[in-house]
Amino acid sequence: MADHASERPTQSGAAPILVASNRGPVSFRTEDDGTLSLRRGGGGLVSGLSAIDDPNAVWVCAALSDADRTAARQAPDGRLDRAGHDVGGQAVRMLDIDPETFALAYNGVANSTLWFVHHLLYDIPTKPAFDAGFRTEWAAYRAYNTAFAEALAAEAAPGAAVLVQDYHLSLTPALLRELRPDLRIGHFSHTPWAPPEYYRLLPDDVAAEVLRGILGADRAAFLTRRWALAFADCCEAVLGASVDRDVLAVTYAGRTTRLGVHGLGADAEFLRERAHRPDVDERLAALREAVGDRRTIVRVDRTELSKNIVRGLLAYRHLLRARPEWHDRVVHIAFAYPSRTDLAEYREYTAEVQRLAEEINAEFATADWQPLILHVDDDFPRSLAAYRLADVALVNPVRDGMNLVAKEVPVVSDHGCALVLSREAGAYAELADDAITINPFDVIATADALAQALTMPPADRADHTKRLASAATALPPQQWFLDQLHAL
């Protein structure tokens, strides 16, 4: 473990507001001449933090690559802003955590354990099996969270507000409270939360430690009420905590943690502007040429096990088999961008998606019709072009904290699109009234929903799209972030 104090910080910093997340707002790469070049990231957190009008606010994040670690080591206390880097007017402290500790914490616990539990992804007959290897990973996860707690404690001004993000940092609130009881601490979970019977797959001590970690916060917030209640249920079942479901509060060991619900919306202004730049127009023209005058079913996802891409492809195949009238009249545009390629399950899943796509094209393609266009490389302008072109958007996760794609497509759609939406997506809570809802495990019902969406009258589609876009943008990232801050 490197770059964090080995003893408790005794003095406070100057930051009145702090954000902690695994991934920060910037990343680095080493150029051929050995110099470091900086790239700024996007996403809800980055635009959310830009809402804070305070030059002393600090974002604490982990170094994710060798180039990041070099930059963090060269900066005083990892403070990139003090090393002359243009980090967008924000103060950023990047933690140079030992690479092996980071890998065990990030891949072993965060992405292969907590993510799998909250998304109910385990192949139960064989997994999980929590052995000695897991205990090594868990020790690393604890050390990784400790590094964050110590850095936050060192940077925070007396009584500062700290917003800790996501399942990577579920132990940080309690660790930070031990070091700095004066702080106001919030934790936000961007994932679903597992129900108690599934959550208890975790070893008993680990299940309890994660809950106690989050209960170290004054507020623990979630994307939907459903996930907040699942967390409360786990606190009651595992810790014996007292739960008030009416006011959403959990009392444990003499402290009460309020639960909050903050649905994250799409950034309409950014999306609409970005979707009409020349690079998007160029890709839109190429897609239109490939599609011709046929209808389009669009999906855009990371190749993530929870996104349910394989069943989506099976549903499209069933549509073509059961309803031959759609032959040569529809094209499925599926963009499945690489995700977590260092985990074997993800590599195998991506290969399965590609294999199935080839089978569908082999079965149905003609000399002038390719029924399925699949891309597995990341291209944001091309995704926006597909959003604009979509007649139907397919969003069918087996489980999702929110799913912003379901909100983004209606916002940038050129002519209105029908949304086929899984009831297991967090976005379902806000968008269900104007979507065609599906059980994500039912391939035939999903195919029927696609057929219904394809035949929706244009006027109905336009009305639904308008209402979907309105609901999708009700809580833009900046407001989402400020609401949490004010609630602290």
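Residues numbered from 1 in each chain as written. Predicted model: local features only at pLDDT ≥ 70, side-chain atom pairs only at ≥ 80, totals over all residues. Heavy atoms only, no water.

Q: What is the right way to read the overall build of the protein chain from this model?
A: For the protein chain, the helix and strand inventory stands at 18 helices and 17 strands. At 23 Å, the protein chain has a C-alpha radius of gyration in line with the 23 Å of a compact globule built from 488 residues. Reported as C-alpha extents along the three principal axes, the dimensions of the protein chain are approximately 70 × 55 × 40 Å. Look at the contacts in the protein chain between residues 6 or more apart in sequence, and 78% of them connect residues 24 or more apart. Working note: accessible area of the protein chain is about 19600 Å², and carbon and sulfur atoms make up 48% of it. The average position of the 50 basic charges and that of the 68 acidic charges among the side chains of the protein chain differ by 3 Å. (Helix = DSSP H or I, 4+ residues; strand = E, 2+ residues; numbered from the N terminus. Rg over C-alpha atoms; globule rule 2.2 N^0.38 Å. Contact = heavy atoms within 4.5 Å. Areas by Shrake-Rupley, 256 points an atom, 1.4 Å probe, with all protein chains shown as cover. Lys, Arg positive; Asp, Glu negative; His and termini not counted. Charge placed at Lys NZ, Arg CZ, Asp CG, Glu CD.)

Q: Looking at this model, I keep getting lost on the sheet that holds strand 17 (residues 436-438). Mind explaining?
A: Consider a sheet: its strands pair through backbone hydrogen bonds, and that pairing is either parallel or antiparallel. Taken in spatial order, the six strands line up as 14-13-12-15-16-17 in an open sheet, and their pairing is parallel. Because the sheet does not close on itself, it has two edges, and the strands there are strand 14 (372-375) and strand 17. Averaged over all adjacent pairs, the angle separating strand axes in this sheet is 15 degrees, with direction ignored. In this sheet, strand 14 lies alongside strand 13 (residues 330-337) in parallel orientation, the contact comprising four bridges. Bridging across to strand 14, Ala334 finds its partner in Leu374. On top of the sheet, helix 10 (residues 278-291) reaches strand 12 (295-302), strand 13 and strand 14; it is set at about 135 degrees to strand 13, its chief contact. (Pairing = 2+ DSSP bridges. Axes fitted to C-alpha atoms, helices over the stretch in contact; angles between N-to-C directions.)

Q: How do you make sense of the pattern of salt bridges when you look at a structure like this?
A: Where charged atoms from two side chains of opposite charge come close, those side chains can pair. Throughout the structure, instances matching the rule amount to 37 salt bridges. Close ionic contact of Lys127 with Glu345 constitutes a salt bridge, the shortest N to O distance being 3.7 Å. Taken together, the residues span a long stretch of sequence, with Lys127 in the loop between helix 3 (99-118) and helix 4 (132-155) and Glu345 in helix 12 (residues 344-364) at a distance of 218 residues. Accessibility expressed as a relative area gives 39% for Lys127, which makes it partly exposed. Note that Asp391 is salt-bridged to Arg295, the shortest N-O span being 3.5 Å. You can see Asp391 sitting in the loop between helix 13 (380-389) and strand 15 (392-395) and its partner Arg295 sitting in strand 12, a full 96 residues away along the chain. Accessibility expressed as a relative area gives 12% for Asp391, which makes it buried. Salt bridges sharing common partners tie together Arg79, Asp81, Arg93 and Glu155. (Salt bridge = Lys/Arg side-chain N within 4 Å of Asp/Glu carboxyl O. Buried < 20%, exposed > 50% of the residue type's maximum accessible area, 1.4 Å probe, protein only.)

Q: Please clarify how the nonpolar core should be interpreted in this entry.
A: A general tendency of soluble globular proteins is for nonpolar side chains to be buried together. Of all hydrophobic cores here, the largest spans 174 residues; its most connected members are Trp193, Tyr199 and Phe231. Of all the elements, helix 4 adds the most residues to this core, at ten residues. In contact with Phe231, not counting residues within four places along its chain, are Trp193, Leu211, Ile214, Leu215, Ala220, Phe222 and Leu259. (Core = buried A, V, L, I, M, F, W, Y, C linked by side-chain atoms within 4.5 Å.)

Q: Help me out: how do you make sense of the pairing of strand 6 (residues 156-165) in this one?
A: Strand residues, when the strand is regular, have side chains that alternate between the two faces of the sheet. In terms of burial, strand 6 is largely enclosed, as eight of its ten residues are buried. As defined by bridge partners, strand 1 (residues 15-20) adjoins strand 6 across five bridges and the pair is classed as parallel. Counted as the bridge partner of Val19 is Leu163 from strand 6. As defined by bridge partners, strand 6 adjoins strand 7 (residues 184-189) across five bridges and the pair is classed as parallel. From the neighbouring strand, Ala161 faces strand 7, where its bridge partner is Arg184. Where the polypeptide runs from strand 6 across helix 5 (residues 172-179) and back to strand 7, its parallel neighbour, the crossover connection is right-handed. (Right-handed = clockwise from strand over helix to strand, strands pointing away.)

Q: How should helix 10 be read in this particular structure?
A: Since one α-helical turn is 3.6 residues long, residues separated by three or four positions face the same way. Between the first and last C-alpha of helix 10 there are 20 Å, a value that for 14 residues agrees with the 20 Å anticipated at 1.5 Å per step. Taken together, the buried positions of helix 10 are occupied by Val280, Leu284, Leu287 and Val291. Along the axis of helix 10, the buried residues cluster in a sector spanning 65 degrees; they form a single face. Opposite its buried face, helix 10 presents the exposed residues Pro278, Glu282 and Glu289, each directed more than 90 degrees away. Tucked into the core, helix 10 has its buried residues touching helix 9 (268-274), strand 12, strand 13 and helix 13. A positive backbone phi angle near 70 degrees is found at Gly292, which sits one or two residues after helix 10. (Expected span 1.5 Å × (residues − 1). Arc of directions from axis to C-beta.)

Q: Explanation requested: unusual backbone geometry in the structure shown.
A: Trans peptide bonds make up most of the peptide bonds, and negative phi angles are found at most residues other than glycine. The residue after Lys127, namely Pro128, is reached through a cis peptide bond having omega 0 degrees. Look at Leu248: it is not a glycine, yet its phi comes out positive at around 55 degrees. The residue Leu248 is located in the loop between strand 9 (242-244) and strand 10 (249-252) in this model. Phi at Asn403 is positive, roughly 90 degrees, even though this residue is not glycine. With respect to the helices and strands, the residue Asn403 is situated in the loop between strand 15 and helix 14 (405-412). Overall, the relative accessible area of 6% leaves Asn403 in the buried class.

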